[in-house]
Amino acid sequence: MQELALIQPGGMARDEFLREAAQAEARREFEELLAECGPLAYRVARGVLRNSADAEDVAQEALLRAYRRFDRLRDRNRFRAWLVRIAFRLALDRLRSSKRREQRDTFWSHPAHQPPAATVEDLAVSNEFQAHLDRALGELPEKLRLVLLLAAMEDHTIDEIAAIVGVSAGTVKSRIFYARKQLAEKLRCHAKTIKTR
Amino acid sequence: MPCENYKDALTEAAASGADPANALRSNAKMAALRAHFESCASCRTAFAEEQALFISIDAGLHATANAEVPACLLPRVRAALDEVEAPRLPWMSPLIFASASVALAFLVFLIARPHRSVSDDQAKQTPPISMPLKPPTGSHGEISPSSVQSPSTTANHFRAPRKSTLVHSAASSNPEVLVPPDEREAFARFVAELNARSDFAAAFVAQAPEKKDALVVVDPLQISDIELKPLESKETESSDRAGEKH
């Protein structure tokens, strides 16, 4: 039995070798893209979640998911856009689940009519506007939010954003305009309040 | 408080980043706004506030979108990549793999079916031993395939159409012996001894006697005819009784 177990057809060994070589090549290719696009995944997640630790988790999850499905991506030039979408989706899911958890905790710990306690950030005027902005950003429609985040990131032109999101450049411009306008409407009163202090 | 007629226009101008003072004269809306600013101080103030608001929004967005990436992120991801399953190759996608498996199974079935019938015929016609034994002629010359088997490392195994060695060894008509490595030498000596002493080999591979569990044929009992003899005389019996009385 031991002798028989040692006998292997040569074709299987060759296939195994080719498979491992291809896997190593895919890993090397992914490593290059990881160094280039990893920070982007983090920033997209950070823009949605407004929390560094959560954003790091989501970015890692997005990159791992991209690695597992790397073989499905035929055009490797689309990796950037593909990764942004994965990270954005995962961040939204995380945000929704954390909101549900927060609502559940609030329901049990605080009466409904009491506003949540002010955070440390809210105490500082300089950070107060940023906190309001982050909150207003979270209330934007998803398609406006993603475009606005990408536009605010460095080194992203309108055409690149259009390629990432998969819409025309005119649509990107329009979304940026409406997103900023909606943010202004939400933040106008806060800006005046902060200014009068 | 801006004038109601120009409220939307100045917000749009601030949102688009345009400055009415520097706007092209061909833009009618901007030209009208610029003309209004010259006469309305409150609208100028409102426009300046709107511009400041959008500058604050852009600065806040820039800070949010370009957050410092933790240095541990990429090493952490690389470490996780080592633990995760490697990406499958395009040709190993489930659908292709399933179809290939079905096709391969069908091919193996097609190849195995005629091969099995031929090998069975061979097993019936030829003696199933490949050792150079010289079985004695006579009624005890047939060698039982279960009694002696030859070593398995013959060339036929590698030329066999089926690739699975395990299945092949089980299904092959050629006798095989699975010998542990430590007993290989002893087995080789045993085979050599068998080759040298044909009488011993013949005795060894001789057909076993009839099995014990075969049906036992019992001959019918031989019972001789019963001979009926008359009883002894009554006189003797009466004299015996007289003797007892006395």
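All values reported here derive from a predicted model rather than from experimental measurement.

> Please clarify how unusual backbone geometry should be interpreted in this entry.
Where the residue is not glycine, phi is negative for most of them; where a peptide bond is considered, it is trans in most cases. Not every positive phi belongs to a glycine, and Arg50(A) is a case in point at roughly 60°. In this structure, Arg50(A) sits in the loop between helix H2 (10-49) and helix H3 (52-68).

> Explain the packing of aromatic side chains here, please?
Note on aromatic pairs: each is described by the distance of the centres and the angle between the planes. Throughout the structure, instances matching the rule amount to eight aromatic pairs over all chains. For the ring pair Phe187(B) and Phe190(B), a centre distance of 6.3 Å and an interplane angle of 45° mean the geometry is tilted. Of this pair, Phe187(B) and Phe190(B) both sit in helix H8 (residues 184-196), three residues apart, which is roughly one turn of that helix. In this structure Phe190(B) comes out as partly exposed when scored by relative accessible area, which is 31%. Three or more aromatic residues joined by ring pairs make a cluster, and in this case those are Phe30(A), Tyr67(A), Phe70(A), Phe79(A) and Trp82(A). Over the face of the ring belonging to Phe70(A) we find Arg76(A), whose NZ or CZ atom lies 3.8 Å from the ring centre.

> So what exactly am I meant to see when it comes to H8(B) here?
A turn of α-helix holds 3.6 residues, and therefore any two residues three or four places apart point the same way. Residues and elements named next belong to chain B. The terminal C-alpha atoms of H8 lie 18 Å apart, and with 13 residues this matches the ideal 18 Å at 1.5 Å per residue to within 8%. For H8, the complete set of buried residues consists of Phe187, Val191 and Leu194. Angularly, the buried residues of H8 cover 60° about the axis, an arc narrow enough to put them on a single face. Turned more than 90 degrees off the buried face of H8, the exposed positions are Glu185, Arg189 and Ala196.

> Is there a simple way to think about the environment of Ala41(A) in this case?
All names here are of chain A. Note on placement: Ala41 falls in helix H2. Residue classification places Ala41 among the buried residues on the basis of a relative accessible area of 0%. Ala41 has contacts with Ala59, Leu83 and Ala87, leaving out every residue within four places of it along the chain.

> I would appreciate a short explanation of a nonpolar patch on the surface in the present structure.
Side chains of Leu104(B), Phe106(B), Leu107(B), Val108(B), Phe109(B), Leu110(B) and Ile111(B) sit close together on the surface and give an oily, nonpolar patch of about 650 Å² of accessible area. Following the sequence through the fold, Leu110(B) ends up in helix H5 (residues 94-125).

> How do you make sense of the nonpolar core when you look at a structure like this?
Nonpolar side chains in soluble globular proteins generally cluster together in the buried interior. Of all hydrophobic cores here, the largest spans 81 residues; its most connected members are Val44(A), Phe79(A), Leu150(A), Leu183(A) and Ile57(B). If sequence neighbours within four positions are ignored, Phe79(A) has contacts with Phe30(A), Leu33(A), Cys37(A), Ala66(A), Phe70(A) and Leu73(A).

> Mind showing me how you'd approach the state of the cysteines here?
In a disulfide, the sulfur atoms of two cysteines are held together by a covalent bond. All names here are of chain B. As enumerated under the stated definition, the model contains zero disulfides over all chains in all. Cys40 takes part in no disulfide bond, and the closest cysteine sulfur, belonging to Cys43, lies 3.5 Å away. On the basis of relative accessible area, Cys40 is assigned to the buried category, the value being 9%.

Criteria and thresholds
Residues numbered from 1 in each chain as written. Chains lettered and ligands numbered in written order. Predicted model: local features only at pLDDT ≥ 70, side-chain atom pairs only at ≥ 80, totals over all residues. Heavy atoms only, no water. Helix = DSSP H or I, 4+ residues; strand = E, 2+ residues; numbered from the N terminus. Phe/Tyr/Trp six-rings, centres within 6.5 Å; stacked < 30°, edge-to-face > 60°. Buried < 20%, exposed > 50% of the residue type's maximum accessible area, 1.4 Å probe, protein only. Lys NZ or Arg CZ within 6 Å of the ring centre and 35° of its normal. Expected span 1.5 Å × (residues − 1). Arc of directions from axis to C-beta. Contact = heavy atoms within 4.5 Å. Patch = residues over 30% accessible without salt bridge, like charges linked within 9 Å, V, L, I, M, F, W, Y side chains within 5 Å. Areas by Shrake-Rupley, 256 points an atom, 1.4 Å probe, with all protein chains shown as cover. Salt bridge = Lys/Arg side-chain N within 4 Å of Asp/Glu carboxyl O. Core = buried A, V, L, I, M, F, W, Y, C linked by side-chain atoms within 4.5 Å. Disulfide = S-S within 2.5 Å.

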